[in-house]
Amino acid sequence: MLKNRALVLALTAGIACLRAQSPSDPKIGAEVAVPRHLANDQEFSLPLEHLLAHGKLLFNANWTSQEGAGRPKTKGTGKPLSDPTDPLVGARSFNRISGPDANSCAGCHNAPYGHSGGGGDFVTNVFLLGQRFDFVNLKQNDSVPLKGTVDERGVRVDLDSVANLRATTGMFGAGYLEMIARQITADLQLIRDSITPGKSKELTSKGISFGTLSRTVDGLWNVSAVSGLSRLSLISSAANDPPSLIVRPWHQAGNVISIREFSTNAYNQHHGLQAAERFGWDADPDGDGFVNELTRADITAVSLYQAALPVPGRVIPRHPQIEAAVWRGEALFTEIGCASCHRSELPLEMRGWHYSEPSPFNPPGNLQLGETRSIAIDLNSPQLPAPRLPRPESGKVLQVPAFTDFKLHDITSAPEDSNRDFLNMNFGPWSPKFSQGNQRFLTKRLWGCANEPPYFHHGLFTTLREAVLAHSGEALDSRRSFEALQERDRDAVIEFLKTLQVLPPGTRDVIVDENYQKRAWPPLDTPPSSGAGN
């Protein structure tokens, strides 16, 4: 705990240091959350604890109109308003559906324990794709496409069809997650680049199959047998323009590549703050009178802050009946097929626990590799907020217990399934498939799930059991196997899921008891066949 206390003091000192850099002649009466931003290249000279402290300041800041919050003349997509004569000012500055809809990142990412970076309650849900509207108000006399009532085709929308409801994503362990996604992407691209015209190969990485990629004798790419990847990663227009095969771990429909892209999108959509690396240096596209609202160094700092967030762990009380049920439920979780998608561990190889900015796979509009120096942090470093994953021995592989396979799966039953998205974010709004909906979602990362309710991609379930029973489509057999279990065995599976928790800040170990003290698991005196169910 002394190391953790020292880290807290260092982060506090870092915030104080950054605040102390405010102009020596402050403007009396100013109401701003971040009095001084980092200058570009300052990210390379600041000590790590100060850089993370600045990232935390940016993440927790309650932004104001005196520092660029709000976007009077632009949508959350970055495009100009459909009706520029009706800017987003005054009572139109905030809108729960189309945004801006939050003062702070931590306003939504705050669970559990009020720890910034986590998920959020139902009240923090976002209306994904609502940002393509100016200001959603559903007024009957509004006929301007994408102003507030009718969509791109002039069709009147309602609360079901205007956007997709999304639960706030927890960012704990984010650095490890993105590095696994990068390694899988690199593996798939290596296989892709070895395929000659007329041949095909299976796309596999870390024991996960992403189907088969083929080429015609003319060299054109055939992605019809590729599975689990977003449409955006499968687009190919010519033989010399292969599909990227990029794994996109952010957004629950697999739309965003990196923490950096996720952050830049969110600052503009939710807060009305434009990152200079996307919107231009000294540019004011939203017409609020502010330029360079977020510097390149700022976005690097807030990305590193999220990447360095602690990893979730497990809380297993020292109670014989609970221990037996958890051990039994853990085995059943695999037996009924849940672990085929919710993989309990995924390997990080080749020192992949060294997270770097920028991502080599960033799309245009985000900092590209080579545009400036890269910066890296060791995610296993004891300097970072605890808990961390155990540092692997020299040359060994780090196993990340995220309970996912990074694939998109259809988990719905039919077009009328209420768990489907009404809109498909991976198609353009003018595509017929955009309004035909989406039923494919990234396999939920279960680490930390138990104390980051509500559940499912839309956050409409209050219990883990409801979420399990909502699985259909590709997960139907596993759900039916769960339903066929004896009641005490179903309870055991839930008891196992209840152990997967985000731990209180500063917890030193990832597997702890009810008092957050380190414990061994499984207990030596609990055989796999004991407990609930036999």
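Residues numbered from 1 in each chain as written. Predicted model: local features only at pLDDT ≥ 70, side-chain atom pairs only at ≥ 80, totals over all residues. Heavy atoms only, no water.

1. A short note on the side chain of Asn 125
Threshold: Helix and strand definitions follow DSSP, with helices as H or I runs of at least four residues and strands as E runs of at least two, each counted in order from the N terminus. A 3.5 Å cut-off defines polar contacts: any pair of N or O atoms within that distance qualifies, except that in protein one atom must be a possible hydrogen donor and the other a possible acceptor, and neighbouring residues in sequence count only when both atoms are side-chain atoms. The contact definition used throughout considers only heavy atoms, calling two residues in contact when any of these lie within 4.5 Å.
In this fold, Asn 125 is placed in the loop between helix 2 (48-60) and strand 1 (126-128). Of the polar contacts made by the side chain of Asn 125, one reaches the backbone oxygen of His 458; its length is 2.8 Å. Apart from residues no more than four positions distant in its own chain, Asn 125 is found in contact with Arg 96, Leu 165, Arg 166, Ala 167, Thr 168, His 458 and Gly 459.

2. Some remarks on the pairing of strand 4 (residues 208-215)
What counts here: Residue burial is assigned from relative accessible area. The probe radius is 1.4 Å, only protein chains are included, and a residue is buried under 20% of its type maximum, exposed over 50%, and partly exposed in between. A pair of strands is treated as paired once DSSP finds two or more bridges between them.
For strand 4, the tally of buried residues reaches 6 of 8 residues, placing the bulk of the element in the interior. With 5 bridges connecting them, strand 3 (residues 200-205) and strand 4 associate as antiparallel partners. Bridge assignment links Glu 202 to a residue of strand 4, and that residue is Thr 212. Between strand 3 and strand 4, which pair antiparallel one after the other, the connecting turn spans 2 residues, and Lys 206 there sits at a positive phi close to 55 degrees. Pairing of strand 4 with strand 5 (residues 221-222) involves 2 bridges; the strand directions are antiparallel. Residue pairing in the sheet places Arg 215 in a bridge with Trp 221 of strand 5. What sits between the antiparallel neighbours strand 4 and strand 5 is a turn of 5 residues, in which Gly 219 has the positive phi angle 90 degrees.

3. Brief notes about helix 9 (residues 476-484)
Definition in use: When we speak of the arc, we mean the arc of directions from the helix axis to the C-beta atoms.
All buried positions along helix 9 are accounted for by Ser 478, Arg 479 and Phe 482. End-on, the buried residues of helix 9 take up no more than an arc of 100 degrees, which puts them together on one face. In helix 9, the exposed residues that point more than 90 degrees away from the buried face are Asp 477 and Ala 484. Tucked inside the fold, the buried residues of helix 9 contact helix 8 (464-469) and helix 10 (487-497).

4. Some thoughts on the nonpolar core
The test is simple: Residues grouped as a nonpolar core are buried Ala, Val, Leu, Ile, Met, Phe, Trp, Tyr and Cys residues, joined through side-chain atoms within 4.5 Å.
Within the largest apolar cluster, 71 residues are counted, with the highest numbers of intra-cluster contacts made by Trp 63, Tyr 176 and Tyr 267. Counting residues per element, the ones that place at least two in this core are helix 2, helix 3 (174-193), strand 4, helix 4 (259-271), helix 6 (296-307), strand 7 (346-348), strand 9 (375-378) and strand 10 (398-400). The element best represented in this core is helix 3, accounting for 9 residues. Here Trp 63 is in contact with Ala 33, Val 34, His 37, Leu 58, Ala 69, Asn 103, Tyr 267, His 271, Leu 273 and Leu 294, once residues within four sequence places are set aside. Of all hydrophobic cores here, the second largest spans 25 residues; its members include Ile 336, Phe 456, Leu 497 and Leu 500.

5. A short note on the sheet that holds strand 4
Which entries qualify depends on this criterion: Every axis corresponds to a line fitted to the C-alpha atoms, with the helix fit spanning only the stretch in contact, and the corresponding angles, defined between N-to-C directions, vary from 0 to 180 degrees.
Read from one edge to the other, the open sheet built from 3 strands follows the order 3-4-5, with strand pairing classed as antiparallel. On the outer flanks of this sheet lie strand 3 and strand 5, each paired with one strand and no other. In the packing of helix 3 onto the sheet, contacts are made with strand 3, strand 4 and strand 5, and the angle to strand 3 comes to roughly 165 degrees.

6. Focus on the sheet that holds strand 13 (residues 500-501)
One open sheet holds the 3 strands; their spatial order is 13-6-14, and the pairing between them is mixed. At either margin of the open sheet sits one strand with a lone partner, and together these are strand 13 and strand 14 (511-512). Note that strand 6 (residues 313-315) and strand 13 share 2 bridges and pair antiparallel. What sits directly across from Gly 313, in strand 13, is Gln 501.

7. A closer look at the packing of helix 4 against helix 6
For clarity, the threshold we go by: Helix crossings get a hand from a simple test, with the near helix turned counterclockwise from the far one by less than a right angle marking a left-handed crossing and a clockwise turn marking a right-handed one. Each residue gets one label: Ala, Val, Leu, Ile, Met, Phe, Trp, Tyr, Cys and Pro are nonpolar, Asp, Glu, Lys and Arg are charged, and the others, such as Gly, are polar.
In the contact formed by helix 4 and helix 6, the axes pass within 9 Å of each other and the chain directions differ by 115 degrees. Like other packed secondary-structure pairs, helix 4 and helix 6 cross with a definite hand, here right-handed. Taken together, the residues of helix 6 that come into contact with helix 4 (itself represented by Ile 259, Arg 260, Phe 262, Ser 263, Thr 264 and Tyr 267) are Arg 296, Ile 299, Thr 300, Val 302, Ser 303, Gln 306 and Ala 307. Among the residues making up the contact of helix 4 with helix 6, the classes are represented as 6 nonpolar, 5 polar and 2 charged.

8. Here's the deal with the packing of aromatic side chains
Threshold: Any Phe, Tyr or Trp ring, taking Trp's six-membered ring, that has another such ring centre within 6.5 Å forms a pair; planes under 30 degrees apart are called stacked, those over 60 apart edge-to-face, and the others tilted. Remark: a charge is flagged as sitting over a ring if the NZ atom of Lys or the CZ atom of Arg is within 6 Å of the ring centre and within 35 degrees of the ring normal.
The final tally for this structure, using the stated rule, is 8 aromatic pairs. Relative to Tyr 305, the ring of Phe 59 has its centre 5.5 Å away and its plane inclined at 55 degrees; by these criteria the two rings are tilted. Note that Phe 59 is positioned in helix 2 and Tyr 305 in helix 6, a separation of 246 residues in sequence. By the burial criterion, Phe 59 is buried, and Tyr 305 matches it. Directly above the aromatic system of Tyr 355 lies the positively charged group of Arg 182, at a separation of 4.9 Å from the ring centroid. One Lys or Arg, Lys 407, reaches over the ring of Phe 210 and ends 5.6 Å from the middle of that ring.

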